[in-house]
Amino acid sequence: MIAWFRNIQVAYMVTASLGGIPLAAGSVLQRKPILFLFAVLWIFFFAVLFSVIAQRKYAGVIKLMNEECRIAEYIEQTNKILNRCKNKKARNLLLLNLSAGYLNTGNVTCARQIFDRLMPFPDSARGAYEKAVYLNNLCLYHLLVRDFENAELALTELKKTIENPRLPQQQKNWLFDFYANRSVSLRMAKGDFEGAEQHF
(Lines give C-alpha, C1' and ligand atoms only; values in the text may rest on other atoms or scores of the structure.)
Protein backbone atom coordinates (compact mmCIF):
# COMPACT_ATOMS: atom_id res chain seq x y z
CA MET A 1 0.00 0.00 0.00
CA ILE A 2 2.88 2.37 0.71
CA ALA A 3 4.00 2.28 -2.93
CA TRP A 4 1.18 4.66 -3.92
CA PHE A 5 2.63 7.41 -1.71
CA ARG A 6 6.04 7.14 -3.36
CA ASN A 7 4.41 6.93 -6.83
CA ILE A 8 2.45 10.15 -6.24
CA GLN A 9 5.62 11.99 -5.17
CA VAL A 10 7.49 10.74 -8.25
CA ALA A 11 4.59 11.60 -10.57
CA TYR A 12 4.50 15.16 -9.24
CA MET A 13 8.26 15.63 -9.61
CA VAL A 14 8.18 14.32 -13.19
CA THR A 15 5.15 16.44 -14.13
CA ALA A 16 6.68 19.60 -12.66
CA SER A 17 10.03 18.87 -14.31
CA LEU A 18 8.58 18.10 -17.75
CA GLY A 19 6.11 20.98 -17.83
CA GLY A 20 6.55 23.71 -15.29
CA ILE A 21 10.32 24.08 -15.12
CA PRO A 22 10.92 24.22 -18.92
CA LEU A 23 8.09 26.75 -19.27
CA ALA A 24 9.57 28.92 -16.52
CA ALA A 25 13.05 28.75 -18.07
CA GLY A 26 11.64 29.51 -21.52
CA SER A 27 9.76 32.52 -20.19
CA VAL A 28 12.98 33.99 -18.80
CA LEU A 29 14.98 33.31 -21.98
CA GLN A 30 12.26 34.62 -24.29
CA ARG A 31 11.23 37.44 -21.93
CA LYS A 32 7.58 36.36 -22.06
CA PRO A 33 5.97 36.80 -18.63
CA ILE A 34 2.83 35.00 -19.78
CA LEU A 35 4.85 31.78 -20.11
CA PHE A 36 6.12 32.21 -16.56
CA LEU A 37 2.55 32.68 -15.31
CA PHE A 38 1.52 29.55 -17.20
CA ALA A 39 4.44 27.64 -15.62
CA VAL A 40 3.39 28.70 -12.13
CA LEU A 41 -0.21 27.68 -12.83
CA TRP A 42 1.01 24.35 -14.26
CA ILE A 43 3.04 23.53 -11.13
CA PHE A 44 0.26 24.72 -8.79
CA PHE A 45 -2.44 22.75 -10.62
CA PHE A 46 -0.51 19.51 -10.47
CA ALA A 47 0.50 20.11 -6.84
CA VAL A 48 -3.20 20.44 -5.90
CA LEU A 49 -4.19 17.49 -8.09
CA PHE A 50 -1.61 15.13 -6.61
CA SER A 51 -2.38 16.40 -3.10
CA VAL A 52 -6.05 15.50 -3.56
CA ILE A 53 -5.08 12.05 -4.91
CA ALA A 54 -2.79 11.48 -1.90
CA GLN A 55 -5.52 12.54 0.54
CA ARG A 56 -8.01 10.14 -1.03
CA LYS A 57 -5.50 7.31 -0.91
CA TYR A 58 -4.66 8.07 2.74
CA ALA A 59 -8.38 7.96 3.56
CA GLY A 60 -8.07 4.22 2.83
CA VAL A 61 -5.35 3.99 5.49
CA ILE A 62 -7.52 5.86 8.02
CA LYS A 63 -10.35 3.44 7.21
CA LEU A 64 -8.13 0.64 8.57
CA MET A 65 -8.47 2.17 12.05
CA ASN A 66 -11.88 3.82 12.01
CA GLU A 67 -13.95 1.22 10.19
CA GLU A 68 -11.99 -2.03 10.04
CA CYS A 69 -10.34 -1.94 13.50
CA ARG A 70 -7.00 -3.01 11.99
CA ILE A 71 -5.10 -0.55 14.17
CA ALA A 72 -1.70 -2.27 14.06
CA GLU A 73 -1.75 -2.18 10.25
CA TYR A 74 -2.90 1.47 10.35
CA ILE A 75 0.02 2.39 12.62
CA GLU A 76 2.47 0.51 10.39
CA GLN A 77 1.22 2.19 7.19
CA THR A 78 1.14 5.67 8.75
CA ASN A 79 4.68 5.23 10.10
CA LYS A 80 5.92 4.21 6.63
CA ILE A 81 4.29 7.25 5.03
CA LEU A 82 5.65 9.51 7.77
CA ASN A 83 9.19 8.22 7.22
CA ARG A 84 8.99 9.19 3.52
CA CYS A 85 7.13 12.47 3.97
CA LYS A 86 9.21 15.65 3.70
CA ASN A 87 6.27 18.09 3.72
CA LYS A 88 6.16 19.74 7.17
CA LYS A 89 2.45 20.52 6.91
CA ALA A 90 1.58 16.92 6.10
CA ARG A 91 3.96 15.57 8.77
CA ASN A 92 2.08 17.27 11.61
CA LEU A 93 -1.23 15.78 10.49
CA LEU A 94 0.36 12.35 10.06
CA LEU A 95 1.82 12.59 13.57
CA LEU A 96 -1.58 13.52 15.00
CA ASN A 97 -3.17 10.56 13.20
CA LEU A 98 -0.41 8.29 14.45
CA SER A 99 -0.92 9.45 18.04
CA ALA A 100 -4.62 8.57 17.69
CA GLY A 101 -3.64 5.08 16.56
CA TYR A 102 -1.37 4.57 19.55
CA LEU A 103 -4.01 5.92 21.93
CA ASN A 104 -6.57 3.50 20.47
CA THR A 105 -4.24 0.63 21.35
CA GLY A 106 -3.61 2.05 24.84
CA ASN A 107 0.07 2.70 24.06
CA VAL A 108 0.34 5.99 25.96
CA THR A 109 4.16 5.97 25.88
CA CYS A 110 4.34 6.09 22.08
CA ALA A 111 1.49 8.61 21.93
CA ARG A 112 3.39 10.92 24.33
CA GLN A 113 6.54 10.58 22.20
CA ILE A 114 4.52 11.55 19.13
CA PHE A 115 3.20 14.68 20.89
CA ASP A 116 6.79 15.75 21.55
CA ARG A 117 7.59 15.53 17.80
CA LEU A 118 4.83 17.93 16.69
CA MET A 119 5.80 21.23 15.10
CA PRO A 120 4.18 24.45 16.45
CA PHE A 121 0.70 24.99 15.04
CA PRO A 122 0.50 27.90 12.57
CA ASP A 123 -1.86 30.81 13.15
CA SER A 124 -4.30 29.74 10.43
CA ALA A 125 -7.42 27.63 9.93
CA ARG A 126 -5.21 24.57 9.39
CA GLY A 127 -3.28 25.36 12.56
CA ALA A 128 -6.49 25.75 14.57
CA TYR A 129 -7.76 22.42 13.25
CA GLU A 130 -4.50 20.63 14.06
CA LYS A 131 -4.41 22.19 17.53
CA ALA A 132 -7.99 21.00 18.18
CA VAL A 133 -7.13 17.45 17.07
CA TYR A 134 -4.02 17.55 19.26
CA LEU A 135 -6.04 18.73 22.30
CA ASN A 136 -8.62 16.02 21.68
CA ASN A 137 -5.86 13.39 21.58
CA LEU A 138 -4.11 14.96 24.59
CA CYS A 139 -7.34 14.81 26.59
CA LEU A 140 -7.69 11.11 25.74
CA TYR A 141 -4.06 10.56 26.76
CA HIS A 142 -4.71 12.14 30.18
CA LEU A 143 -7.87 10.09 30.60
CA LEU A 144 -5.95 6.89 29.87
CA VAL A 145 -3.27 7.72 32.45
CA ARG A 146 -6.03 8.84 34.87
CA ASP A 147 -4.75 12.42 35.12
CA PHE A 148 -8.19 14.01 35.27
CA GLU A 149 -6.97 17.50 36.13
CA ASN A 150 -4.90 17.78 32.95
CA ALA A 151 -7.65 16.07 30.95
CA GLU A 152 -10.00 18.85 32.06
CA LEU A 153 -7.44 21.53 31.15
CA ALA A 154 -7.03 20.01 27.67
CA LEU A 155 -10.81 19.85 27.31
CA THR A 156 -11.20 23.54 28.27
CA GLU A 157 -8.50 24.50 25.78
CA LEU A 158 -10.17 22.33 23.12
CA LYS A 159 -13.46 24.21 23.56
CA LYS A 160 -11.67 27.56 23.16
CA THR A 161 -9.91 26.31 20.03
CA ILE A 162 -13.16 25.09 18.47
CA GLU A 163 -14.53 28.63 18.85
CA ASN A 164 -11.73 30.00 16.62
CA PRO A 165 -13.47 32.03 13.88
CA ARG A 166 -11.02 30.75 11.28
CA LEU A 167 -12.38 27.21 11.50
CA PRO A 168 -15.05 26.34 8.92
CA GLN A 169 -18.43 25.48 10.47
CA GLN A 170 -18.26 21.88 9.26
CA GLN A 171 -14.98 21.32 11.12
CA LYS A 172 -16.37 23.08 14.20
CA ASN A 173 -19.36 20.70 14.24
CA TRP A 174 -17.13 17.66 13.84
CA LEU A 175 -14.69 18.85 16.53
CA PHE A 176 -17.56 19.71 18.88
CA ASP A 177 -18.66 16.05 18.67
CA PHE A 178 -15.15 15.11 19.86
CA TYR A 179 -15.44 17.66 22.65
CA ALA A 180 -18.84 16.29 23.75
CA ASN A 181 -17.52 12.70 23.73
CA ARG A 182 -14.46 13.63 25.78
CA SER A 183 -16.61 15.60 28.25
CA VAL A 184 -18.83 12.60 28.88
CA SER A 185 -15.79 10.28 29.08
CA LEU A 186 -14.20 12.56 31.68
CA ARG A 187 -17.38 12.63 33.78
CA MET A 188 -17.65 8.84 33.55
CA ALA A 189 -13.99 8.43 34.56
CA LYS A 190 -14.77 10.49 37.66
CA GLY A 191 -17.76 8.24 38.44
CA ASP A 192 -20.56 10.46 37.10
CA PHE A 193 -22.60 8.35 34.67
CA GLU A 194 -25.63 10.63 34.42
CA GLY A 195 -26.63 11.11 30.76
CA ALA A 196 -23.85 8.83 29.50
CA GLU A 197 -26.23 6.20 28.14
CA GLN A 198 -28.18 8.78 26.13
CA HIS A 199 -24.97 10.32 24.79
CA PHE A 200 -23.38 7.12 23.53
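Residues numbered from 1 in each chain as written. Predicted model: local features only at pLDDT ≥ 70, side-chain atom pairs only at ≥ 80, totals over all residues. Heavy atoms only, no water.

### Overview of the packing of aromatic side chains
Worth spelling out the cut-off: Between 30 and 60 degrees the pair is tilted, below 30 it is stacked and above 60 it is edge-to-face, where a pair is any two Phe, Tyr or Trp rings, Trp via its six-membered ring, whose centres lie within 6.5 Å. We count a stretch as a helix when DSSP gives it H or I for four or more residues in a row; a strand needs E for two or more, and each element gets its number in order from the N terminus. Each residue is assigned to one of three classes by its accessible area relative to the maximum for its type, calculated with a 1.4 Å probe on protein chains only: buried under 20%, partly exposed between the two thresholds, exposed over 50%.
Per the counting criterion, the structure on display carries six aromatic pairs. With a centroid separation of 5.7 Å and 45 degrees between ring planes, the pair formed by Phe121 and Tyr134 is classed as tilted. With Phe121 in the loop between α5 (108-117) and α6 (125-144) and Tyr134 in helix α6, this pair connects stretches of sequence that are 13 residues apart. On the accessibility criterion, Tyr134 (17% relative accessible area) is buried. With centroids separated by 5.5 Å and ring planes inclined at 35 degrees, the aromatic side chains of Phe176 and Tyr179 adopt a geometry described as tilted. Of this pair, Phe176 and Tyr179 both sit in helix α8 (residues 169-189), three residues apart, roughly one helical turn. Tyr179 gets classed as buried once you look at its relative accessible area, which sits at 16%. Taken together, the ring pairs in this structure connect Phe115, Phe121, Tyr134 and Tyr141 into an aromatic cluster.

### A short note on helix α4 (residues 88-105)
We count it as follows: Working rule for helices: expected span equals 1.5 Å times residues minus one.
For α4, which comprises 18 residues, the first-to-last C-alpha distance of 26 Å matches the rise-based estimate of 26 Å (1.5 Å per residue) to within 8%. Every buried residue of α4 is accounted for by Asn92, Leu94, Leu95, Leu96, Asn97, Leu98, Ser99, Ala100, Gly101, Tyr102 and Leu103. Phi turns positive, to about 85 degrees, at Gly106, one or two residues after α4.

### Quick look at the nonpolar core
As a reminder, the rule being used: Take the buried residues of types Ala, Val, Leu, Ile, Met, Phe, Trp, Tyr and Cys, join any two whose side-chain atoms come within 4.5 Å, and each joined set is a nonpolar core. Between two residues, a contact is recorded if the distance between any of their heavy atoms is within 4.5 Å.
Phe115, Tyr134, Leu138, Leu158 and Leu175 are the most contacted members of the largest nonpolar core, which has 37 residues in total. If near-sequence neighbours (up to four positions away) are discounted, Leu138 is found in contact with Arg112, Phe115 and Ala154.

### Concerning the packing of α4 against α6
When two helices pack together, their arrangement is captured by the angle between the axes and the distance separating the axes. Keep this limit in mind: Only the contacting stretch of a helix is used when fitting its axis, a line to C-alpha atoms as for every element, and angles between N-to-C directions run 0 to 180 degrees. What sets the label is the angle itself: under 35 degrees gives roughly parallel, over 145 gives roughly antiparallel, 65 to 115 gives roughly perpendicular, and the rest give oblique. Each crossing gets its hand from how the near helix is turned against the far one by less than a right angle, where anticlockwise is left-handed and clockwise is right-handed. Following the grouping adopted for this structure description, the nonpolar residues are Ala, Val, Leu, Ile, Met, Phe, Trp, Tyr, Cys and Pro, the charged ones are Asp, Glu, Lys and Arg, and the polar ones are all others, Gly among them.
Two elements in contact, α4 and α6, have axes whose closest approach is 10 Å; the angle formed by their N-to-C orientations is 20 degrees. Regarding the angle of α4 to α6, the classification is roughly parallel. Relative to α6, α4 is oriented so that their crossing is left-handed. When α4 is examined against α6, the residues Lys89, Asn92, Leu93, Leu96, Ser99, Ala100 and Leu103 are found in contact with a partner set consisting of Arg126, Tyr129, Glu130, Val133, Tyr134, Asn137, Leu140, Tyr141 and Leu144. Within the contact of α4 with α6, the residues separate by chemical class into 10 nonpolar, three polar and three charged.

### With respect to the packing of α6 against helix α7 (residues 148-162)
In the contact formed by α6 and α7, the axes pass within 8 Å of each other and the chain directions differ by 160 degrees. Classified by the angle between their axes, α6 and α7 sit roughly antiparallel to one another. Helix-helix and strand crossings are classified by hand; for α6 and α7 the assignment is left-handed. When α6 is examined against α7, the residues Ala128, Lys131, Ala132, Leu135, Asn136, Leu138, Cys139, His142 and Leu143 are found in contact with a partner set consisting of Phe148, Asn150, Ala151, Ala154, Leu155, Glu157, Leu158 and Thr161. Here the residues of the contact of α6 with α7 are counted per class, giving 11 nonpolar, four polar and two charged.

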